[in-house]
Amino acid sequence: MICKLPSTRCLKLALTLASVIAVPLAGEEITYERDVRPILKTHCFQCHGEGGKLEGGLDVRLRRLIARGGDSGEAFVAGMPDNSLLLQRILDGDMPPEEVALRPTADEVATIQRWIADGAIASRDEPEDLDPDNYITEEERAFWAFQPVAREQPPTVSAAQRVRTPIDQFIIAKLEANNLPISPDADARTLIRRVYFDLLGLPPAPEEVDAFVNDSSADAYDRMLDRVLNSPHYGERWGRHWLDVAGYADSEGYTEDDPVRPYVYKYRDYVIRAFNDDKPFDQFVIEQLAGDELLTPPFENLTPGEAEKLVATGFLRMAPDGTGVGGVDQNLARNDVMAKTIEIVSTSLLGLTVGCAQCHNHRYDPISHEDYHAIRAIFEPSLDWKNWLAPAKRRVSLYTDADRAKSAEIEAEALKILEARTKKQDEYIEATFQRELAKLEASLREPITTARNTPEKQRTAQQKKLLKEHPSVNVTASSLYLYDKKAADELKKMADEANAIRKTKPKEEFVRAVWEPTGKAPPATFLFHRGDYEQPKQQISPRELTVLTSARTSTLPENDEARPTTGRRLAYAKWLTSGEHPLTARVLVNRVWLNHFGQGLVPTPGDFGTLGVPPTHPELLDWLANEFVASGWSVKQLHRLIMTSTTYRQASLHHDEGDAIDADNLLYWRMPVRRLEAEVLRDTVLAITDELNGKAFGPAVPVMADRVGQFVIGQENLNAGRPGAIVPMKGEDLRRSIYIEARRSRPLSIMEPFDLPRMEPNCTSRNASTVSPQSLLLMNSEFVLERASQFAQRVQRDAGGDVSMQVTRAWQLAFAATPSDDELAEAISFLDEQTKHFAAHPLSATKDKQKVEPADEALASFCHALLSSNRFLYID
């Protein structure tokens, strides 16, 4: 069976994009390598040369091979396009067949025609020993993303008075080149709201806003920024960004069963703590790719630091995985896990679609089919599909010898109590038996005693009959309470005491991790022809993508003799974070920029390749990458660098000049306006209503289907397949969204319309759509209506009964601003009208809801309007 998913995905992607092949300028010399080969690679290689396939005997992967022709003769006649069979087959629509590949565009066909007409020129000689399967042209190697990170100097600008950091020099220089000014600074209230949402995903309290607005000191902004960066909520916000690209989910996916992943939450908590601690990002990457290789197996008596490194490898366990479910083709599922893992690693750390080379050479980027399997070889020892660990076996116990000793000590203490209880119980039973025996005739007492003391299997028929005829003497531990309730209650108290002691035993926890088996040779990796694991070809060694080794040859060990493991992943992780890798630092700083501005310097954060969009400010991208590495890979320092710039602190207002020159704001002449993400929206509503449960870390809060099929927070309680009684959540349903179960088949209904991503396998950039279901949810959702009521109650607690103060307080909580006189008057008028309306049309009380006063209902409807407004939903 051939896996066709990657090819299909690549084709769909290509169909949605305009041609990425540059059209040569008039009069410009057209060459095979720069202009024609990319076209043929996209549309023709798969049938004419790649993988040994030669339709019509024609190979188009090199200029000399095209000149050689095929079964029908010469493919082209230099200088004579009308006599060239290759061009005629393309013009006739025969090449490529529509069902096989995407047809060339008119511009691409014209380029081929011009190339032949101009003499079918090649830029350089093509030696006979040149391998066309793994040939990378100089033009491909020269692509911007594959070049070493340049050490750029910030340019000089005229508007020097607006420069706060070197970032501004890069931005303003480009603005000045386009006759655009950078916008004025945003006001203090807008700025603090922006900072809080960017760093915490939560709104500032009105008191925090007022303190910042009234602080006239020169370093007020810097101090506010440091205070927010030190909040424990920072890791929850920025951890969520990384969990997107890591593909974090609390379930396996792949099948409809979508089983839950126990202990996976420890990886989520590791990520949050790493961001809060500002763990150097190079170490963060190394631990996730090879944390186990930093330790010495067997993994026993782990310290917290050692356990953390194992938890980090959960990054390599994020891919959808159906191998733990029955009825699944195991070989297909296992290889799909490997493919999705490579996709997650490559898009998150390389910004490349390496997965598009799973079945054939990449259609656009210089990534060969062999390159793909070389990357696979890095991970093969730990994800060996022929010696697979099912999900339930991927756990490492965190129990230590000290835990076991403590557990044994506690068990001994509990057993002492139980032994005393047993002794006392025997005494009670004997005393009760004697009392019951005394009630019988004297002649029965001795034979009954003898019968009772005889083991049950050795009793005679007569003895059994005797005990049956006098049931009152059959006193046992289970029936003692019928005779002596006081004695039974003493005994129960002792059992409860023993159980309570047992509950103090150290709980055995597990880590869902990746590791390599030791003591045996690592598995071989073979190139799968057309991505089919049933067609293995030559053996492939682990190495970096060929095109990325231009700056430095990166050799990876086959089997590092100095380590108990192969050392492959560790060596690869260290190369990625060496500071010399052309992509890693660029990709990471671009992602941080994206999450501050809503768009990356490279607008396609998961694709720095040919199909991606080139950087708008390449010099700034490289300067940031260098600064990031020089700072010790500190994300918090990168935040400070970006957020103290004028570029970040400018206002978001439009003006005609800017809209005319740069309508998409690619030059950053104003701060982009961004919509709250799904999780931030839910968390913010709960924060404003003062209901947010700040409890951090631990197992995910479960999600279930309610009676109408909506996915809501709750503990599933089914009775014969039907929902049973509601299980109280005890405030767990009010925790931050990052702690809510991210089950692939159960996206929380309150968040899904706001572009909540589904991890298939990961999310490199979120959408920010504006669609009608969002408005409908905000108008009609039970969650939003209840929160509006809670919001109104909070306003009444904070502001008392004065309507003007209520409006002001609600405004401050929702918008981090004070209403203008006009806004205040309009809001008071609205409340007055709503109060009259509800007085004339009172809402009926129900068993779940008491009757509400008209003024209270009016205030709730006002709060509902604020929560549904664009001013609330968007960050200026």
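K.L.:
For this particular structure, what's the right way to read the overall build of the protein chain?
P.N.:
In terms of regular secondary structure, the protein chain is built from 34 helices and 10 strands. Taken along the three principal axes of its C-alpha coordinates, the protein chain extends 130 × 75 × 50 Å. The buried share among the 876 residues of the protein chain stands at 51%. The long-range fraction of contacts in the protein chain, counting pairs at least 24 apart against all pairs at least 6 apart in sequence, stands at 70%. Just so you have it, the protein chain exposes about 39600 Å², and 51% of that area is on carbon and sulfur atoms. Counting 104 positive and 131 negative side-chain charges, the protein chain places the averaged centre of each group 8 Å from the other.

K.L.:
Quick question: what am I supposed to make of the nonpolar core here?
P.N.:
Here is a general trend for soluble globular proteins: nonpolar side chains tend to be buried in one another's company. Among the nonpolar cores identified, the biggest contains 126 residues, and Trp242 and Tyr267 are the most heavily contacted of them. Take this core: its biggest share by element is eight residues, from helix H15 (residues 330–350). Excluding anything up to four places from it in sequence, Trp242 contacts Tyr267, Val271, Phe275, Phe281, Phe284, Gln288, Phe315, Ser348, Leu349, Leu588 and Arg591.

K.L.:
Can you help me understand the packing of helix H32 (residues 821–840) against helix H33 (residues 854–867) in this one?
P.N.:
A pair of packed helices can be characterised by two numbers: the angle between their axes and the separation between those axes. Contact geometry for H32 and H33: axes closest at 8 Å, N-to-C directions at 130 degrees. Considering the angle they form, H32 stands oblique to H33. H33 is crossed by H32, and the crossing has right-handed handedness. Only Pro854, Ala855, Glu857, Ala858, Leu859, Ser861 and Phe862 of H33 make contact with H32, whose side of the interface consists of Ala827, Phe830, Leu831, Gln834, Thr835, Phe838 and Ala839.

K.L.:
Just checking my understanding: could you explain the confidence of the model for the protein chain for this structure?
P.N.:
Averaged over every residue, the pLDDT of the protein chain is 93; residues scoring 70 or more account for 96%. In this model residues 1–19 is a low-confidence stretch, pLDDT under 50, and it forms 26 contacts with partners more than four residues away in sequence or in other chains.

K.L.:
Just checking my understanding: could you explain the side chain of Ser397 for this structure?
P.N.:
In this structure, Ser397 sits in strand E1 (residues 395–397). Reaching out from Ser397, the side chain makes a polar contact with the backbone nitrogen of Tyr399 at a distance of 3.1 Å. A polar side-chain atom of Ser397 sits 2.7 Å from a polar atom in the side chain of Glu508. Apart from residues no more than four positions distant in its own chain, Ser397 is found in contact with Phe299, Glu508, Glu509 and Phe510.

K.L.:
How should I be thinking about the side chain of Arg787 in this particular structure?
P.N.:
Within the secondary structure, Arg787 sits in helix H30 (residues 782–799). By relative accessible area, Arg787 is classed as buried at 8%.

K.L.:
Which parts of the structure should I look at to understand unusual backbone geometry?
P.N.:
When glycine is set aside, most residues are seen to have a negative phi, and most peptide bonds are trans. Residue Pro96 is bonded to the preceding Met95 through a cis peptide linkage, with omega at -5 degrees. Here the residue pair Pro297 and Pro298 is connected by a cis peptide bond, since its omega of 0 degrees sits within 30 degrees of zero. A positive phi angle, close to 70 degrees, is found at Asp690, a residue other than glycine. Following the sequence through the fold, Asp690 ends up in the loop between helix H28 (678–688) and strand E6 (703–705). Taking the relative accessible area as the measure of exposure, Asp690 reaches 51% and is therefore exposed. In the Ramachandran plot, Ala816 falls in the positive-phi region, its phi being about 55 degrees despite a non-glycine side chain. Ala816 sits in the buried class, given a relative accessible area of 5%.

K.L.:
I'm lost on the packing of helix H11 (residues 233–246) against helix H23 (residues 584–597) in this one. Help?
P.N.:
Running from amino to carboxyl end, H11 crosses H23 at an angle of 125 degrees, the nearest separation of the two axes being 12 Å. Comparing their axes, H23 and H11 come out oblique. With respect to the hand of their crossing, H11 and H23 are arranged in right-handed fashion. Two secondary-structure elements touch here, H11 through Trp238, His241, Trp242 and Val245 and H23 through Leu588, Arg591, Val592, Asn595 and His596. Of the residues assigned to the contact of H11 with H23, the class counts are five nonpolar, three polar and one charged.

K.L.:
Explain helix H16 (residues 369–379) here, please?
P.N.:
Along an α-helix, residues three or four positions apart point the same way, because every turn accommodates 3.6 residues. Of all the 11 residues making up H16, 10 are buried; the element is thus mostly covered by neighbouring parts of the structure. Looking at H16, one finds that the buried residues are His369, Asp371, Tyr372, His373, Ala374, Ile375, Arg376, Ala377, Ile378 and Phe379. Looking at the buried side of H16, the elements it contacts are helix H13 (281–290), H15, strand E3 (525–528), strand E4 (536–540) and helix H22 (568–576).

K.L.:
I keep staring at the environment of Ser861 and nothing clicks. Help me out?
P.N.:
On the secondary structure map, Ser861 appears in helix H33. Judged by relative accessible area, which is 17%, Ser861 ranks as buried. A sequence separation of 812 residues divides Ser861 from Gly49, and the C-alpha atoms of the two residues are 68 Å apart. Excluding its chain neighbours within four sequence positions, the residues that come into contact with Ser861 are Phe830, Gln834 and Phe838.

K.L.:
Quick question: what am I supposed to make of the domain arrangement of the protein chain here?
P.N.:
Size of an interface: often given as the accessible area lost when the parts come together. Once the domains are mapped, the protein chain shows domain 1 (2–136), domain 2 (160–185 + 589–661), domain 3 (188–231), domain 4 (280–389 + 514–582), domain 5 (401–508) and domain 6 (780–875). Between domain 2 and domain 3, the C-alpha centre-to-centre distance is 21 Å. In total, about 980 Å² of surface goes out of reach between domain 2 and domain 3, with carbon and sulfur atoms giving 53% of it. Considering only the surface of domain 2 that becomes buried against domain 3, Met643, Tyr648 and Arg649 emerge as the three largest contributors, covering 47% of it.

K.L.:
Any chance you could explain the packing of aromatic side chains here in plain terms?
P.N.:
Each aromatic ring pair is described using two quantities: the centre-to-centre distance and the angle formed by the ring planes. For the coordinates displayed, the defined rule picks out 28 aromatic pairs. Where Phe597 meets Tyr668, the ring centres are 5.4 Å apart and the plane angle is 75 degrees; that geometry is what we call edge-to-face. Here Phe597 is found in helix H23, whereas its partner Tyr668 is found in the loop between helix H27 (656–661) and strand E5 (674–675), with 71 residues between them in sequence. You can call Tyr668 buried: its relative accessible area is 1%. Aromatic ring contacts, followed pair by pair, group Trp242, Tyr267, Tyr270, Phe275, Phe281, Phe284, Phe315, Phe628 and Trp633 into a single cluster. For the cation-ring pair, Arg194 lies above Tyr648, with the distance from its terminal atom to the ring centre recorded as 5.7 Å. Sitting above the plane of the Phe433 ring, Arg452 keeps its charged end 4.0 Å from the centroid.

K.L.:
What is the right way to read the environment of Thr689 from this model?
P.N.:
For Thr689, the location among the structural elements is in the loop between H28 and E6. Its relative accessible area of 2% is what places Thr689 among the buried residues. In this structure, the C-alpha to C-alpha distance between Thr689 and Phe197, residues 492 residues apart in sequence, is 17 Å. Sequence-distant contacts of Thr689, that is, excluding residues within four places in its chain, are made with Arg787, Gln790, Phe791, Arg794 and Arg797.

K.L.:
Help me understand the pattern of salt bridges in this model?
P.N.:
For the structure shown, the criterion picks out 65 salt bridges. In this structure, Arg674 engages Asp198 in a salt bridge whose closest nitrogen and oxygen atoms are separated by 2.6 Å. With Arg674 in strand E5 and Asp198 in helix H8 (residues 188–199), this residue pair connects regions lying 476 residues apart in the sequence. According to the relative accessible area criterion, Arg674 is buried, its value standing at 11%. Residue classification places Asp198 among the buried residues on the basis of a relative accessible area of 0%. Through salt bridges with shared partners, one network takes in Glu207, Arg794, Asp798 and Arg809.

K.L.:
Is there a simple way to explain helix H21 (residues 485–502) in this structure?
P.N.:
If you check H21, its first and last C-alpha atoms are 26 Å apart, about what 18 residues at 1.5 Å a residue would give, namely 26 Å. Considered for burial, the residues of H21 that qualify are Ala487, Ala488, Leu491, Met494, Ala495, Ala498 and Ile501. Taken end-on, H21 shows its buried residues confined to a sector of 145 degrees, consistent with a single buried face. Along H21, exposed side chains directed more than 90 degrees from the buried face belong to Lys485, Lys486, Lys492 and Lys493. Contacts made by the buried residues of H21 are with helix H17 (401–438) and helix H20 (480–483).

So, how was this worked out
- Per chain, the residues get numbers from 1 upward, laid out in the order the sequence is written.
- For this predicted model, a pLDDT threshold of at least 70 governs which residues receive local features, and a threshold of 80 or more governs which side-chain atom pairs are given and counted, while totals over whole chains, interfaces and linings are taken from all residues.
- No hydrogens and no water enter the side-chain calculation; it runs on all heavy atoms of the structure.
- To qualify as a helix, a DSSP run of H or I must reach at least 4 residues; to qualify as a strand, a run of E must reach at least 2; elements of each kind are numbered from the N terminus.
- Per-residue accessibility, obtained with a 1.4 Å probe over protein chains only, is compared with the maximum for each type, and a residue is labelled buried under 20%, exposed over 50%, and partly exposed between these values.
- Residue contacts are defined here by distance: any two heavy atoms, one from each residue, within 4.5 Å place the two residues in contact.
- The accessible surface values rely on the Shrake-Rupley method and a 1.4 Å probe; as for residues, cover is taken only from the protein chains in view.
- Counted as positive: Lys and Arg. Counted as negative: Asp and Glu. His and the chain ends are not counted at all.
- We put the charge of a Lys on NZ, of an Arg on CZ, of an Asp on CG and of a Glu on CD.
- In plain words, nonpolar cores are sets of buried Ala, Val, Leu, Ile, Met, Phe, Trp, Tyr and Cys residues tied together by side-chain atoms within 4.5 Å.
- Each axis is a line fitted through C-alpha atoms, and for a helix only the stretch in contact is used; angles between axes span 0 to 180 degrees, taken between their N-to-C directions.
- For classification, angles of less than 35 degrees are called roughly parallel, those exceeding 145 degrees roughly antiparallel, those between 65 and 115 degrees roughly perpendicular, and all remaining angles oblique.
- Crossing handedness: left-handed means the near helix sits turned counterclockwise from the far one by under a right angle, and right-handed means the same turn made clockwise.
- Note on scores: pLDDT gives the predictor's confidence for each residue, bounded by 0 and 100.
- As used in this structure description, the phrase polar contact means that two N or O atoms lie within 3.5 Å; if the pair is within protein, one of them must be able to donate a hydrogen and the other to accept it, and residues adjacent in sequence are counted only when both atoms belong to side chains.
- Residues were grouped as follows: Ala, Val, Leu, Ile, Met, Phe, Trp, Tyr, Cys and Pro as nonpolar; Asp, Glu, Lys and Arg as charged; and all remaining residues, including Gly, as polar.
- An automatic or database domain assignment provides the domain bounds reported here.
- Once two parts are brought into contact, the accessible area they lose, counted with a 1.4 Å probe and summed over both, makes up the buried area.
- For Phe, Tyr and Trp, rings pair up if their centres lie within 6.5 Å, where Trp contributes its six-membered ring, and each pair is then called stacked (planes under 30 degrees apart), edge-to-face (over 60) or tilted (otherwise).
- Charge-over-ring placement is defined geometrically: NZ (Lys) or CZ (Arg) within 6 Å of the ring centre, and within 35 degrees of the ring normal.
- For salt bridges, the criterion is a side-chain nitrogen of Lys or Arg within 4 Å of an Asp or Glu carboxyl oxygen.
- Multiplying one less than the number of residues by 1.5 Å gives the expected span of a helix.
- Each C-beta atom gives one direction from the helix axis, and the arc is the one those directions make.

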